[in-house]
Amino acid sequence: MNKIVVEGLKYKYPLSDTLALDDLSFQVKEGEFIGIIGKNSAGKSTLCQALVGLVPHFYKGAYGGKVFIDGLEVKNQTIADISLKVGMVFQNPFTQVTGSKMTVYEEIAFGLENIGIPRSEMIARIDYVLDLLKIEQVKDQNPFDLSGGQMQRMAIASIIAMKPDILVLDEPTSQLDPAGSEEVFQAIQSLSKQGITIILAEHKMEKVALYCHRVLLLDDGKMVDINTPGKIFSRGDLEQHGVAAPVYTRVCKELGVRKAGTSEFPVTLAEAESVLRGRKI
Amino acid sequence: MKSISLYVDKESFIHDFDPITKLLYILFALFLPLILLSFTVSFISVGVSIVLLMAAGVIRKTIPVFSFVFLVLITVVIIQGLFRPENETILFQIGPLAMYKEGLLYALTITLRVMNIVSAFLILVLTTKPSDLVETLVRKGMSPRIGYVIVSVFQIIPEMMASMSTITDAQRARGMETEGKLSVRMKAFLPLLGPVILGALINTKERALALEVRGFNSHVPKTYLYEEKTHALSKWVQAILLLLLVGAGVWRIFG
Amino acid sequence: MKKQSMWSLRLSTAALVLIPVAVGVNYIGKLLAQLLKLPLWLDSIGTVLAAMLGGPVVGALAGAINNIIYGFTDPISFVYAITSVAIGLVVGILFFKGYISSWGKAIVAGLIIGLVATVVSTPLNIGFWGGQTGNVWGDALFAYILANTDSTWLASLLDELVVDVPDKLLVVLISFGIFKGLPRNVVQLYKNNEKIETLD
């Protein structure tokens, strides 16, 4: 079943002369994990925000085409209604703190209070996300006293606690070190395995290749391609679009080794390892 | 993070009372002397508030507030004692200046009124967490959006002060003068304030986005993480305060 | 700018989030004036800026909430919430009617707002303090006029006037200067009357 349907989506910010999104069309199935890649200002954040209705409802501007979430057209819904189905985590963790709560625990409760979750359920959900994102030890601290990485985990936890069907993440690990980033990706993957649809805009291509089922490549607001990581990262024109393939793919391209029986290059460490080990020297 | 509210985090039976009872006490302290128009009642009212402040263990925190108030009140006593238009009866004379009874009595009225309001307010302010007060008011029907705005001020001010001190240090390091002639100090004002304001305004966009996706404009009735704080005696105290007020009103009209 | 949009009570989230920032700007403006030992309060820049960006309703709300919050550090501020609301309202109306669009007009607007603040504050001063403002220079004038004219109202009005008019004039000029320096996409953010155009 298609969870998200985008048809001819066009968008222009107010005061801007150029289209930020130019005629995008694609579908996402329930439970899919989709990566959005592209160079800076390719439209990744704008596309993420179009799935939650911030584009166009928050910014206004000029809008064309249709976005359906579970069959409901985003243009005709309020952000509050869409946000019950679609959760969104933004890039900058510092401005995602509501600024009205004195502890991490209360901060996570903010969204749950707004959408009317009963108290006992609220507490159960908060305890679950504190554990999932591994931030139990800071639950009584002031949100503004956290490190960037901890803030980012809190921001993700705050959205996951609202139990959306679809989770949109815009570079959710920019403030995290490699180990922390891996932990967060594991948590996201476990949600994906529970059947939650995930949309992830990300620069870390190794992660995209490892976790995403399909990858959407954007350039200048236009969709270049949407396909499996193997197909996308094996494209010869990646660099023209301002994207570098995962390091494993680049090595294998250099060595000219492809996955057996396909024209694709390996995109993850495991794939590269199996291809290279299987190779007779 | 440094807090700008005067709230003192302590355990006391005054702290235990809910914000509504404390708000009602302010109204009581404000109106009882106005209804009865008596110095004695004003004195008693100020006395009761001070006893309550002591019982809450926060009396030391009232000193800075009261000292500021007294500073102004002293000038009120002097100016009214000397110059009040209704002045007639000379009480005493210092050199060429005469202190009048009418002016001093008027200054006493003002002093008692100010002391009364300030001490009653301080009970609320020193023993109630601002966020608890706002949450109580939202439960009683205040818009949660306005509630959010009020509570977030307490977080945003320390944040902005931190960014101002960063900018002040940076500008001083670049050789900006912040001392000396008035014109020099005036010139420093904008370059110090401007960047803080711009930064804060730019952040409002992302904060608004983040609020939107967390159900800020949801029409569902709100729920609360914490259970409502009530005191076993609240209802009684509230009833007694109201009865006293109504009684005073009746006594004033028919007595 | 249509009248309807100026008075809209359905505030956007961006306009609401502007209010705490306005209160913060008031606070640091006052702090900076103290730090630089300037002889004025300069504690309403945020309210004025909020009214310019968001209109009279946002300005009035920023003024009211400002004084409610100050009340938590100094209970007397509660009383003067009415003055702050008046400042926010008047700036919002003047600005959205186009009466604060150049430096020359801003000076006139600053004087008007100073007068409004004076007229609203004077009865509060009389009811609460017997007519004084708590400002040394203003109160000296108050004593002088009281001694010579027998009118508490006149003395109190002039006491407030000499303090408020220069302060509000400067506040409006500073705010106008800051407003002119803001990027357009920031100013755009708080406008509530935009419609979504269609590209279909």
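Residues numbered from 1 in each chain as written. Chains lettered and ligands numbered in written order. Predicted model: local features only at pLDDT ≥ 70, side-chain atom pairs only at ≥ 80, totals over all residues.

Participant: With reference to specific residues and values, describe the overall build of chain C.
Facilitator: Check the secondary structure of chain C and you find 9 helices and 1 strand. Over its C-alpha trace chain C gives a radius of gyration of 18 Å, about what one expects of a compact globule, namely 16 Å for 200 residues. With the principal axes as the frame, chain C shows a C-alpha extent of 75 × 35 × 35 Å. Per-residue burial over chain C gives 53% buried out of 200 residues. Long-range pairs, those at least 24 residues apart, make up 67% of the contacts in chain C with a sequence separation of at least 6. (Helix = DSSP H or I, 4+ residues; strand = E, 2+ residues; numbered from the N terminus. Rg over C-alpha atoms; globule rule 2.2 N^0.38 Å. Buried ≥ 20, exposed ≤ 12 C-beta atoms within 10 Å, placed from the backbone. Contact = placed C-beta atoms within 7 Å.)

Participant: Summarise the packing of helix 3 (residues 45-54) of chain C against helix 8 (residues 152-181) of chain C; cite the residues concerned and give the values.
Facilitator: Residue and element names in this part refer to chain C. With their axes 9 Å apart at the nearest point, helix 3 and helix 8 run at an angle of 50° to one another. In terms of axis orientation, helix 3 runs oblique to helix 8. As helix 3 packs across helix 8, the resulting crossing turns out to be right-handed. Contacts from Ile45, Val48, Leu49 and Met52 in helix 3 reach Val171, Val172, Ile174, Ser175, Ile178 and Phe179 in helix 8. Residue composition of the contact of helix 3 with helix 8, by class: 9 nonpolar, 1 polar and no charged. (Axes fitted to C-alpha atoms, helices over the stretch in contact; angles between N-to-C directions. Parallel < 35°, antiparallel > 145°, perpendicular 65-115°, else oblique. Left-handed = near helix turned anticlockwise from the far one by under 90°. Nonpolar A, V, L, I, M, F, W, Y, C, P; charged D, E, K, R; others polar.)

Participant: Lay out the domain arrangement of chain B in plain terms, naming residues and giving numbers.
Facilitator: For chain B, the domain assignment lists domain 1 (13-128 + 228-254) and domain 2 (136-212). Taken over C-alpha atoms, the centre of domain 1 of chain B sits 35 Å from the centre of domain 2 of chain B. (Domains from an automatic or database assignment.)

Participant: Any chance you could break down the nonpolar core for me, citing the residues and the numbers?
Facilitator: Among the nonpolar cores identified, the biggest contains 216 residues, and Ala157 and Val168 of chain A together with Leu18, Ile19 and Val58 of chain C are the most heavily contacted of them. Sorting elements by how many residues they give to this core places helix 5 (residues 101-127) of chain B first, with 15 residues. Dropping the residues within four chain positions of it, Ala157 of chain A is found in contact with Ile108, Val129, Leu130, Leu133 and Ile135 of chain A. (Core = buried A, V, L, I, M, F, W, Y, C linked by C-beta atoms within 7 Å.)

Participant: Outline unusual backbone geometry, listing residues and values.
Facilitator: The phi angle of most residues is negative, glycine excepted, and most peptide bonds adopt the trans form. Residue Val55 of chain A is joined to Pro56 of chain A through a cis peptide bond whose omega torsion reads 5°. Tracing the chain through its elements places Pro56 of chain A in helix 2 (residues 54-57). Backbone geometry places Ser41 of chain A, a non-glycine residue, at a positive phi of 60°. Along the chain, Ser41 of chain A turns up in the loop between strand 3 (33-37) and helix 1 (44-52). With phi around 70°, Asp150 of chain C is a residue other than glycine that occupies positive phi space. Structurally, Asp150 of chain C is set in the loop between helix 7 (136-149) and helix 8.

Participant: Before we move on, can you summarise the environment of Val224 of chain A with the specific residues and values?
Facilitator: All names here are of chain A. Relative to the helices and strands, Val224 resides in strand 10 (residues 222-227). The exposure class of Val224 is buried, given the 20 C-beta atoms found within 10 Å. Taking C-alpha positions, Val224 is 13 Å from Glu239, a pair spaced 15 residues apart along the chain. When near neighbours in sequence (up to four residues on either side) are disregarded, Val224 contacts Leu217, Leu218, Asp219 and His241.

Participant: I'd like a rundown of the interface of chain A and chain B, residues and numbers included.
Facilitator: Counting residues at the interface gives 33 residues for chain A, matched by 28 residues for chain B. Mapped onto the side of chain A that touches chain B, the elements with two or more residues apiece are helix 3 (79-82), strand 6 (86-89), helix 4 (104-114) and helix 5 (119-132) of chain A. A total of 6 residues in the side of chain A that touches chain B trace back to one element, the largest contributor, which is helix 4 of chain A. Its residues assigned to classes, the side of chain A that touches chain B comprises 15 nonpolar, 14 polar and 4 charged.

Participant: Let's hear about the interface of chain B and chain C: which residues, and what values?
Facilitator: Each partner contributes residues to the interface: chain B has 54 residues there, and chain C has 46 residues. Elements with a contribution of two residues or more to the side of chain B that touches chain C: helix 4 (59-83), helix 5, helix 7 (144-173) and helix 8 (182-212) of chain B. The element that contributes the greatest number of residues to the side of chain B that touches chain C is helix 8 of chain B, accounting for 20 residues. Taken together, the residues of the side of chain B that touches chain C sort by class into 41 nonpolar, 8 polar and 5 charged.

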